[in-house]
Amino acid sequence: MIAPLFIDGLLRDWFFGDRAYSDTSAYSDDLYMFIFWVCAFVFIGLNAFYVLCLVKFRRKPGVPQQRSSSHSTTLEITWTVLPTILLVVFFFRGFWGYLDKVVVEAQAEQLDLEAYKWGWEMTYPNGAVSLVSDRIDPGQLNEYPIFVVPEDWPVQLRMTSRDVIHSFWIPDLRQKFDVFPNRYTSYQFRMDPLEEEDRARANDAFPSGYRDHTLFCAEYCGDSHSEMAAIIRVASREDYANWVVTGGVELDKLTPVEAGAILYTVKGCAQCHSVDGSDNTGPTWRNAFGYERQFSNAPAGIVDDNYIRESILVPGAKVAEGYPNQMPSYQGKVNDFELNALIAYIRSLSDRAPTSLIDEVQGEPESTEEEPQASLNRPDTDDNT
Amino acid sequence: MATIDPASNERPALAKREPLWKTYKHGHHWPDAEAEFDAAKIGMWLFLSTEILLFAGMFCAYAIFRMKYPEAFVNGSHYLDWRFGAINTAVLLGSSFTAAYCVRNAQLNNQLWLKINLAITFLAGAAFLAIKFIFEYGPKWADGKRPGELFSYPFAENAHEPIWWGVYYGATGLHASHVIIGMGLFVWVFINASRGKYGPKHYTLVENVALYWHLVDLIWIFLFPLLYLIH
Amino acid sequence: MTTIDSQTQGLEHEHHDHHHDEGSYLTPRGGFWATIWDWMTTVDHKKIGVMYLFAILFMFFLGGVAALMVRLELLDPVRQTAEGVVTGQMFNWYGDNVAANNNLYNRFFTLHGAIMTFMVIVPSVPASLGNFLLPIMLGAKDVAFPKLNLFSWYIYFFGSIFAVASIIGGGVDTGWTFYTPYSTTTDADHWRVVIMVLGVFVLGFSSILTGLNFIVTVHKLRAPGMGWFDMPLLVWTLYASAIIQVLATPVIGVTTLLLILERTMGIGVFDPALGGDPVLYQHFFWFYSHPVVYIMILPGMGLISDIISVHARKKIFGYKSMAFASLGITAVSFIVWGHHMFTSEGELAATVFSALTFLVAIPTAIKVFNWTATLWKGSIAVNTPMCYALSFLFLFTIGGLTGMPLGALATDLHLHDSYFVVAHFHYVMMGGTIIAFIGAIHHWWPKMFGKMYSEFWGITGCVLVFIGFNVTFFTQFLMGTRGMPRRYATYVDEYEIWHEISTYGSWILAIGLFIHAGNFFWSLVFGRQAPPNPWGGLSMEWETESPPVLHNFHHDPVATHGPYDFDDVQPPHTDPEEFPLPEPLPGGAKPH
Ligand code: HEA
Ligand code: HEA
Ligand code: CUA
Ligand SMILES: [Cu+2]
């Protein structure tokens, strides 16, 4: 009894790398292993039989072949009926596990998730937007947002997309659902409680510790489909609640430049515009403001507040030369406050940005060298790098 | 001639002015002309079934969007004038009749009436298209009653009317393209018929083209009530 | 079934009553240009089959090169060095702009998937081997509609040109599934996507016409004496898949048409912004593209039945259940499409489709067990076709069995759109159909071209392909269950080791395939003259010469025995010393 269980455990590690982190996902792992064992049994049986035949009945000159039967109703009925029974079992277990994954528990915490090319944005029940991010890919090339959810508590995501179809997949939950434009779909789960090692990660923002899971976009959505990841951070219920109130930054408490820097990642600008002068799908924001720009469909002009505003709302009006007319319109997707913040941020990135008398008097000119807010909202930087 | 090509049916030099249908030789791989004719008919029926499935996709789209946006579809059908639809139905039904007569006349060796019926059927197809384009597509398009993104009708009563027009143009457009193909086929058959290719012993193509025309007719008989009549 | 003109058709026999100068179908007619013209306008099913064969192998080569590029990119995830330089990205035409480089990757896998499905595997067996063999196996002189057959070849040719044109124009980055609204918005100011989709539309006609031709041929052109249950199983499976070709392909026709209208005029039926429904597109697409996977595998199954039976020299086990299982698969194939959409369709639909999906496994199980039982007490020759048949049994069973956790709802929510799916479908498509196809090319090569290939290199190639294939794709199951999504140009570190192994495997695989290509080429030039029946087969194609004469047989054939009566009939043109009949059972009892 022990040996098979041991092998089962080994194989689970091999297949999944990590355990499943909710009851429903543990169920589907069990189902997977059940199907695996049935299939392995059939498969090994069949192949043993092939080997046997190859050894016994290989054609050799001079060795005569025996006649044999080529039909047997009993056999044929057996190998029709037996698999059928197994298949019925597969179906029902799969169905039950599915129900657990789609039925929403009462009292579930409702979060709003919006997908866009190429990122995710989470809105918490109090209106806070998840803004903290981290770099997890091998090259540390991209920033990924961090979403905080409570441990051992039902959570329901109401998902929708701004552009094309995406799919929300947390491999550790063994579950994904597609995200559509103009429509809501839902994703629910209850994360396993934190464990000893998770509690050991305690820090200021998460005094009882936390645990991270990666999430991927699983429906092909274009160039940065493979960069469309994020982190789901499981925290204790109190930490979750506190964090959403305080840590999940409220934009209107920041200066416009700070808010703009955050919106830069949240709204997806970062996917196409760099802030360090490097080239990307769209022109960089570094030293854009105040400089002259060539357009492919309009006479050249200076990059000023009105141009930036227009480019965000009606991107096709003036297209920077050498770049495709690919940017989606943000009309209706940013409000005035956000627009101002973004413009302020773009200004702050240019060495031609106007300086303020206040700064001059106080002798503290706004720094353009550092990326503003790079670590402001990362209470946990040291834990993760 | 030493070389043998399976394609070429070597025809002996013909006695003067024998009609072509009398000297028709079936394909070398068939035991007799009858088997060949049967096969051609089975093949045609199979092809018609693929056509039906092609349109089934359109009908599916119609059903689904009708369920989703019933008001838009009711509105939409009010924009259509059932009288044009009815006239076109009559035109097509009549031409189906003449198409059937083509076959009959080929079987009876009435060469003249065969050609007359072919011509009438062709003209009926042309009339159908003329009515469709001049009285229906043209004015509607000009009004801005266009599909999807092209929609620009200022007095639309329902937000989903562009979808209705998408389905309308998609379904009738696909049907119209079949009418055009059918007319092309009748031209072809007409040319062959003038060369005396069809007669009691050989009229496969006449039969199959007529079958095709019946299908085109049949599909219209479904489209007409779905688009024009049901509110 | 067979035979026929056995007294007159001795090999050395030169003089027949008529057609006495009728040479092999390969004999050139006239000079160089005349011969080219002859091939271009031929309505001979054998020549059309051969042209298809080479076109498909060429496309397979193109698709394979794209696959190697895909694997190459995935050798390394993307990294940034201290100096800010991006490394590890093979496609770095756009320097450090990772997103733009990813775009190139996306074009490669789309190209790979589209070529492999629409231009390689769907036409593969029916259009090439099927065209060549089906009429001969039935004892017919040609397919029912030879001109239609040539027409469908040209449609294939021009459809492929459309697809290739879109590649030359810069490629398409939609994935082979063309999901809306991505496919209607990407590359918005370009015609490439439209051209590619148009290519798919056109190719569909070719497939319909081939299927239609086969159905009528089977109904009307069986030789006298050949009943439905005297047909080789290859013919049964071609027939079953022809039904799918005729009934499912029109739906991809209307789908691609709507997609084109959507892109060119924005008619809105798939566009959520106008109230259209992208899930409707998915239903339309899979209504064709699920049945199409059985268009792919059914003929492969038929090939395997024939190969195993001939090389184990044993009557196929459970002939009738094999025939009916083929039709069963055809029937079920139409009602399971929704299993590709468990994460996007409603709960009720998902449940129904999951239940129906498992139905397909039953007829397939019957087939696998019948093949297995056929080996028992056979006389198993170990040669290239048989090695491929055994590889097929191994690989296809893995592919089919991994369809089970995909069909089960709870597990598919995890596995959907992960590398597990990628591994699953390569095991069934490459490990199933393509492996059967390559094995079958070896099996019928002597018949088609009258030359023997080198058995040594054949088996070597087979072993390399087998090893390389498993190394490439088994790792992908593990990546998939561990959470690696498909269609990713870059990935997190965790998966690096698996991707590396997979890429190395693809090189072994490629070497194996190139060996086969070399072997075939060598055989055409230097190969030994093939006897008319090198394997001791009983179906009708082994009656005639290698390569067959222009009209397939010298005399109209009559079927006098079944295709698998190895117990009772000495195969035509064979030496009883080399191919002895099996010994009777003790007591002279006859097995049933
Ligand atoms: C040749 C092509 C081929 C074949 C034959 C199959 C065969 C099967 N496929 Fe596969 N499939 C594909 C090609 C194919 N598939 C492709 C291309 C995709 C992905 C497309 C894309 O998204 O790009 C796909 C995706 C796919 C999915 C969607 C996955 C997802 O995206 O979420 C599913 C889900 O149900 C599935 C299921 C099955 C099943 C149940 C079978 C069954 O027919 C298998 C039956 C066979 C067996 C079961 C093995 C033999 C039986 C025995 C040995 C008997 C004993 C067995 C038991 C008791 C279990 N396939
Ligand atoms: C018939 C179908 C088929 C075949 C045979 C293959 C063959 C291969 N495929 Fe692919 N594949 C698909 C169909 C197929 N594929 C589909 C449909 C997709 C999905 C696309 C999408 O997501 O949109 C896909 C996707 C896909 C991916 C996933 C990409 C992603 O999701 O990011 C990968 C990655 O490894 C891959 C790899 C390979 C490899 C290494 C081979 C190798 O087996 C290739 C080996 C071939 C060669 C190396 C060429 C050598 C050939 C000759 C020399 C010709 C002469 C030969 C003879 C005479 C015998 N394929
Ligand atoms: Cu978003 Cu893939
Ligand atoms: Cu499927």
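Residues numbered from 1 in each chain as written. Chains lettered and ligands numbered in written order. Predicted model: local features only at pLDDT ≥ 70, side-chain atom pairs only at ≥ 80, totals over all residues. Heavy atoms only, no water.

Where do I start with the overall build of chain B in this structure?
Looking only at helices and strands, chain B has six helices and zero strands in total. In terms of C-alpha radius of gyration, chain B reaches 22 Å, well past the compact-globule figure of 17 Å for 231 residues. With the C-alpha coordinates of chain B rotated into their principal frame, the extents come out at 75 × 30 × 25 Å. Counting 18 positive and 17 negative side-chain charges, chain B places the averaged centre of each group 9 Å from the other. (Helix = DSSP H or I, 4+ residues; strand = E, 2+ residues; numbered from the N terminus. Rg over C-alpha atoms; globule rule 2.2 N^0.38 Å. Lys, Arg positive; Asp, Glu negative; His and termini not counted. Charge placed at Lys NZ, Arg CZ, Asp CG, Glu CD.)

Would you take a moment to explain the packing of aromatic side chains for this structure?
Each aromatic ring pair is characterised by the separation of its centres together with the angle its planes make. In total, this model carries 101 aromatic pairs over all chains according to the counting rule given. Centre to centre, the rings of Trp-285 of chain A and Tyr-345 of chain A are 6.2 Å apart; their planes meet at 75°, and the pair counts as edge-to-face. One end of the pair, Trp-285 of chain A, is in the loop between α6 (256–266) and β11 (292–293); the other, Tyr-345 of chain A, is in helix α8 (residues 336–348), with 60 residues separating them in the sequence. Taken together, the aromatic side chains of Trp-14, Phe-15, Phe-16, Tyr-32, Phe-36 and Trp-37 of chain A together with Phe-420, Tyr-427, Phe-469, Phe-473, Phe-474 and Phe-477 of chain C make up a single cluster linked through ring pairs. Looking at Arg-233 of chain A, its charged tip hangs above the ring of Tyr-210 of chain A, at a distance of 4.1 Å from the centre. The positively charged end of Lys-47 of chain C is found above the aromatic ring belonging to Trp-39 of chain C, 5.5 Å away from the centroid. (Phe/Tyr/Trp six-rings, centres within 6.5 Å; stacked < 30°, edge-to-face > 60°. Lys NZ or Arg CZ within 6 Å of the ring centre and 35° of its normal.)

Which parts of the structure should I look at to understand helix α4 (residues 111–143) of chain B?
Residues separated by three or four positions in an α-helix point in the same direction, a consequence of the helix having 3.6 residues per turn. For α4 of chain B, built from 33 residues, the straight-helix expectation of 48 Å at 1.5 Å per residue is met to within 8% by its first-to-last C-alpha distance of 47 Å. Gly-144 of chain B occupies a position one or two residues after α4 of chain B and carries a positive phi of about 90°. (Expected span 1.5 Å × (residues − 1).)

Help me understand the confidence of the model for chain B, please; the structure alone is not making it clear to me.
Should the pLDDT be low somewhere, the predicted coordinates at that spot are not to be read in detail. Here chain B averages 86 in pLDDT, and 93% of its residues register 70 or above. Predicted as a complex, the structure gets a pTM of 0.87 and an ipTM equal to 0.90. (pLDDT = per-residue confidence, 0-100.)

I tried to follow the coordination of the iron atom of ligand 1 on my own but got confused; where do I start?
Four donors placed tetrahedrally around a metal ideally meet at 109.5 degrees, and six donors placed octahedrally ideally meet at 90 or 180 degrees. All names here are of chain C. Protein coordination of the iron atom of ligand 1 is limited to a single donor, His-424 (NE2), positioned at 2.2 Å. Here the iron atom of ligand 1 and the copper ion (ligand 4) are spaced 4.5 Å apart. Tracing the backbone shows His-424 in helix α13 (residues 419–449). (Donors = N, O, S within 2.8 Å, 3.2 Å for Na, K, Ca; no water.)

Sorry if this is basic, but what is going on with the interface of chain B and chain C here?
By a widely used convention, the size of an interface equals the accessible area lost when the partners come together. With 40 residues of chain B at the interface, the matching set in chain C holds 39 residues. Between the two partners, chain B and chain C, sit two salt bridges. Across the salt bridge formed by Lys-68 of chain B and Asp-277 of chain C, the nearest N and O atoms sit 3.4 Å from each other. At the surface where chain B touches chain C, the tally comes to seven residue pairs in polar contact (both at pLDDT 80 or more). Within the residue set of the side of chain B that touches chain C, elements represented by two or more residues are α1 (33–68) and α5 (161–194) of chain B. Here the residues of the side of chain B that touches chain C are counted per class, giving 27 nonpolar, nine polar and four charged. (Contact = heavy atoms within 4.5 Å. Salt bridge = Lys/Arg side-chain N within 4 Å of Asp/Glu carboxyl O. Polar contact = N/O pair within 3.5 Å; in protein donor to acceptor, adjacent residues only side chain to side chain. Nonpolar A, V, L, I, M, F, W, Y, C, P; charged D, E, K, R; others polar.)

Would you take a moment to explain the site of ligand 1 for this structure?
Near ligand 1, the surroundings consist of 34 residues, among which Tyr-294, Asp-412, His-416, His-424 and Arg-486 of chain C are the closest. Positioned at a junction of chains, ligand 1 has nearby residues supplied by chains A and C. Separating an oxygen atom of ligand 1 from a side-chain N or O atom of Trp-176 of chain C is a distance of 2.9 Å. Contact between ligand 1 and His-424 of chain C: a nitrogen atom at 2.9 Å from a side-chain N or O atom of the residue. Broken down by secondary-structure element, the contributors of at least two residues to the shell around ligand 1 are α2 (23–57) and α3 (73–102) of chain A together with α8 (278–311), α10 (347–375), α11 (384–407) and α13 of chain C. Here the shell around ligand 1 is composed, by residue class, of 22 nonpolar, ten polar and two charged. (Near = heavy atom within 4 Å.)

I tried to follow the interface of chain A and chain C on my own but got confused; where do I start?
Every contact between the two is made by 83 residues of chain A and, on the other side, 110 residues of chain C. Taken together, chain A and chain C are joined by one salt bridge. A salt bridge links Asp-568 of chain C to Arg-67 of chain A, with the nearest nitrogen and oxygen atoms 3.1 Å apart. Linking chain A with chain C are 33 residue pairs in polar contact (both at pLDDT 80 or more), by the criterion used here. Looking at the side of chain A that touches chain C, the elements that each hand over two or more residues are α1 (2–16), α2, α3, β7 (175–179) and β9 (210–217) of chain A. Class assignment for the residues of the side of chain A that touches chain C results in 41 nonpolar, 24 polar and 18 charged.

What is the right way to read the site of ligand 2 from this model?
All names here are of chain C. Around ligand 2, a shell composed of 35 residues is seen, among which Arg-71, Tyr-105, His-112, His-426 and Arg-487 lie nearest. Separating an oxygen atom of ligand 2 from a side-chain N or O atom of Arg-71 is a distance of 2.6 Å. At a separation of 3.1 Å, an oxygen atom of ligand 2 approaches a polar side-chain atom of Arg-486. Of all the secondary-structure elements, those providing two or more residues to the shell around ligand 2 are α2 (45–73), α3 (98–138), α13, α14 (455–482) and α15 (496–526).

I tried to follow the arrangement of the chains on my own but got confused; where do I start?
Contacts between protein chains span two pairs of chains, and they are most numerous for chains A and C. Separating chain A from chain B is a minimum C-alpha gap of 14 Å, and the two share no contact.

I would appreciate a short explanation of the nonpolar core in the present structure.
Nonpolar side chains tend toward joint burial in soluble globular proteins. Ranked by size, the top nonpolar core spans 333 residues in total, and within it Trp-120, Tyr-124 and Phe-168 of chain A together with Trp-371, Leu-375 and Phe-392 of chain C carry the most contacts. If one sorts the elements of this core by residue count, α3 of chain C sits on top with 22 residues. For Trp-371 of chain C, the contacting residues outside a window of four places in its chain are Met-301, Ile-304, Ser-305, Ile-308, Ile-316, Met-322, Phe-392 and Leu-393 of chain C. Among the nonpolar cores identified, the runner-up in size contains 28 residues, and Leu-263, Leu-339, Ile-343 and Leu-349 of chain A belong to it. (Core = buried A, V, L, I, M, F, W, Y, C linked by side-chain atoms within 4.5 Å. Buried < 20%, exposed > 50% of the residue type's maximum accessible area, 1.4 Å probe, protein only.)

Is there a simple way to explain the pairing of strand β4 (residues 144–150) of chain A in this structure?
The side chains of a regular strand alternate between both faces of the sheet. For β4 of chain A, the buried fraction is high: seven of the seven residues fall into the buried class. Judged by which residues are buried, β4 of chain A turns out to be covered on both faces: Tyr-144, Ile-146, Val-148 and Pro-150 of chain A on one side and Pro-145, Phe-147 and Val-149 of chain A on the other are all buried.

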